[in-house]
Amino acid sequence: MKKVVLKAYGKVNLGLDVVRRRDDGYHEVRMIMQTVGLFDRLELKKTSGDSVTLSANLRFLPVNEQNLVCQAIAAVKKKYSLKDGVEAYLEKRIPIAAGMAGGSSDCAAALRGMNQLFELGLKEEELCEIGAGLGADVPYCVIGGTALAEGIGEKLTKLPPVSDCHILIAKPGISVSTKTVYENLDVPGLSSHPDITGMISAIENQDLKGITGRMENVLETVTIPRYPVIDEIKEFLLKQGAENALMSGSGPTVFGIFASQEKAQRALSNLRSFEDVKQAYVVAPVNRES
Ligand code: ATP
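Given the structure is predicted, the values throughout are model-derived calculations rather than measurements. (Residues numbered from 1 in each chain as written. Predicted model: local features only at pLDDT ≥ 70, side-chain atom pairs only at ≥ 80, totals over all residues. Heavy atoms only, no water.)

S.K.: Which residues make up the site of the ligand, and what values do they have?
M.R.: Neighbouring residues of the ligand: 20 residues in total, closest Ala-97, Ala-101, Gly-103, Asp-106 and Thr-178. Contact distances for the ligand include 3.1 Å between a nitrogen atom and a backbone N or O atom of Leu-68. One of the backbone N or O atoms of Met-100 is found 3.2 Å from an oxygen atom in the ligand. (Near = heavy atom within 4 Å. Polar contact = N/O pair within 3.5 Å; in protein donor to acceptor, adjacent residues only side chain to side chain.)

S.K.: Tell me about the domain arrangement of the protein chain, and please be specific about residues and values.
M.R.: Here the domain parsing of the protein chain yields domain 1 (3-158) and domain 2 (166-283). Here domain 1 and domain 2 have C-alpha centroids that lie 23 Å from each other. Listed per partner, the contact involves 27 residues of domain 1 and 35 residues of domain 2. With both sides pooled, the region where domain 1 packs onto domain 2 buries about 2300 Å², and carbon together with sulfur makes up 67% of that total. A per-residue breakdown of the area domain 1 buries against domain 2 is headed by Leu-14, Leu-16 and Val-18, which together make up 24% of the total. Across the domain 1-domain 2 interface, the total number found is zero salt bridges. If you look at where domain 1 meets domain 2, you find ten residue pairs in polar contact (both at pLDDT 80 or more). Among the elements of the structure, β1 (3-21), β2 (27-47) and β5 (146-150) are those that each provide at least two residues to the side of domain 1 that touches domain 2. Here the side of domain 1 that touches domain 2 is built from residues that sort into 15 nonpolar, six polar and six charged. (Domains from an automatic or database assignment. Contact = heavy atoms within 4.5 Å. Buried area = accessible area lost by both parts, 1.4 Å probe. Salt bridge = Lys/Arg side-chain N within 4 Å of Asp/Glu carboxyl O. Helix = DSSP H or I, 4+ residues; strand = E, 2+ residues; numbered from the N terminus. Nonpolar A, V, L, I, M, F, W, Y, C, P; charged D, E, K, R; others polar.)

S.K.: Explain the UniProt feature "binding site: ATP" (unreviewed entry) in the protein chain residue by residue, including any values.
M.R.: Mapped onto this structure's residue numbering, the UniProt feature "binding site: ATP" (unreviewed entry) falls at Pro-95, Ile-96, Ala-97, Ala-98, Gly-99, Met-100, Ala-101, Gly-102, Gly-103, Ser-104 and Ser-105. Residue position: Ala-97 is located in the loop between β4 (85-91) and α2 (102-117). A residue is classified by how much of its surface remains accessible, and Ala-97, at 38% relative accessible area, is partly exposed. Those residues in contact with Ala-97 that lie beyond four places of it in its chain are Ser-175, Val-176, Gly-251 and Pro-252. Judged by its relative accessible area of 31%, Gly-103 is partly exposed. With sequence-adjacent residues up to four places away left out, Gly-103 is seen in contact with Leu-68 and Lys-92. (UniProt positions renumbered as here; feature names shortened; annotations may be inferred. Buried < 20%, exposed > 50% of the residue type's maximum accessible area, 1.4 Å probe, protein only.)

S.K.: Quick rundown of the packing of aromatic side chains? Include the residues and the values.
M.R.: In total, this model carries two aromatic pairs according to the counting rule given. When the centroid spacing of 5.5 Å and the interplanar angle of 70° are considered together, the rings of Tyr-9 and Phe-39 count as edge-to-face. Note that Tyr-9 is positioned in strand β1 and Phe-39 in strand β2, a separation of 30 residues in sequence. Tyr-9 gets classed as partly exposed once you look at its relative accessible area, which sits at 27%. Phe-39 sits in the buried class, given a relative accessible area of 19%. Between the aromatic rings of Phe-236 and Phe-274, the centroid separation amounts to 5.2 Å while the plane-to-plane angle is 75°, which identifies the pairing as edge-to-face. Taken together, the residues Phe-236 in helix α9 (residues 229-239) and Phe-274 in the loop between α10 (261-271) and β11 (277-283) connect sequence positions 38 residues apart. With relative accessibility at 15%, the residue Phe-274 sits in the buried group. The side chain of Lys-7 reaches across the aromatic face of Phe-39, ending 4.8 Å from its centre. Above the face of the Phe-118 ring, Lys-46 is positioned so that its terminal group lies 4.8 Å from the ring centre. (Phe/Tyr/Trp six-rings, centres within 6.5 Å; stacked < 30°, edge-to-face > 60°. Lys NZ or Arg CZ within 6 Å of the ring centre and 35° of its normal.)

Here is the structure:
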């Protein structure tokens, strides 16, 4: 095989809880992850020579070893002593530093792509293992779909798909550092925790109202006081008929879940008057291939 083309999907967190801060500074989480139909496109080509090169459609994105795509390619090349070079091209659409795991998803796509390009025959678990060394959300991005993520995000339990809903994604024109948000989270001071166990039951029962009624993200306690626009967008989406609205990950992306596509599309058009929102899409939940 000479070339592969992959889709790297973004995610939202239907629920995000932080259980405790470990002594090493990492946080133990319980998160319900959901892949959404907004994706980056990654092309990988085998080349002669040993070099790894990356180019992208955004000039400000690092295209050196800081990029998780390069890290994934290098990790696979090293682990399996691959001698050929790889030329990668990344077309970004997932908002950057937005709480949608764009970088982790590109990394996971690069791992899947290397597996295909070099016909390594690696199983999902093996890709997840390599991914865990590159970022806490990478194993989830390898499996995709609906899942419970625990530990620092790497312990995964697959859940049945969430379907029959429409997700409006709205990204305000600010970028948030995940690291800073976690560093400023007062875990013992949290006054409420999401009902993740209840949400899992609602997902198993395909009970959309049971899911949306439990949407909560403890990282909002850090990000919203700094960027009140997040709350304004949530309020706006609720007024537009969303079943519920929440910040994804460490933010600032906000998503609203709508039961009807028509309402979601109308909310998207009305959102255009919201000057602070720089990127907005209506997408569907994406299920893993099975
Ligand atoms: P998460 O939801 O996992 O916290 P995020 O959406 O907050 O992720 P990303 O878009 O993944 O954040 O990127 C955060 C930083 O990672 C960026 O500032 C960028 O410099 C770096 N980065 C490395 N590789 C990539 C990539 N392939 N795409 C985007 N950012 C990348």
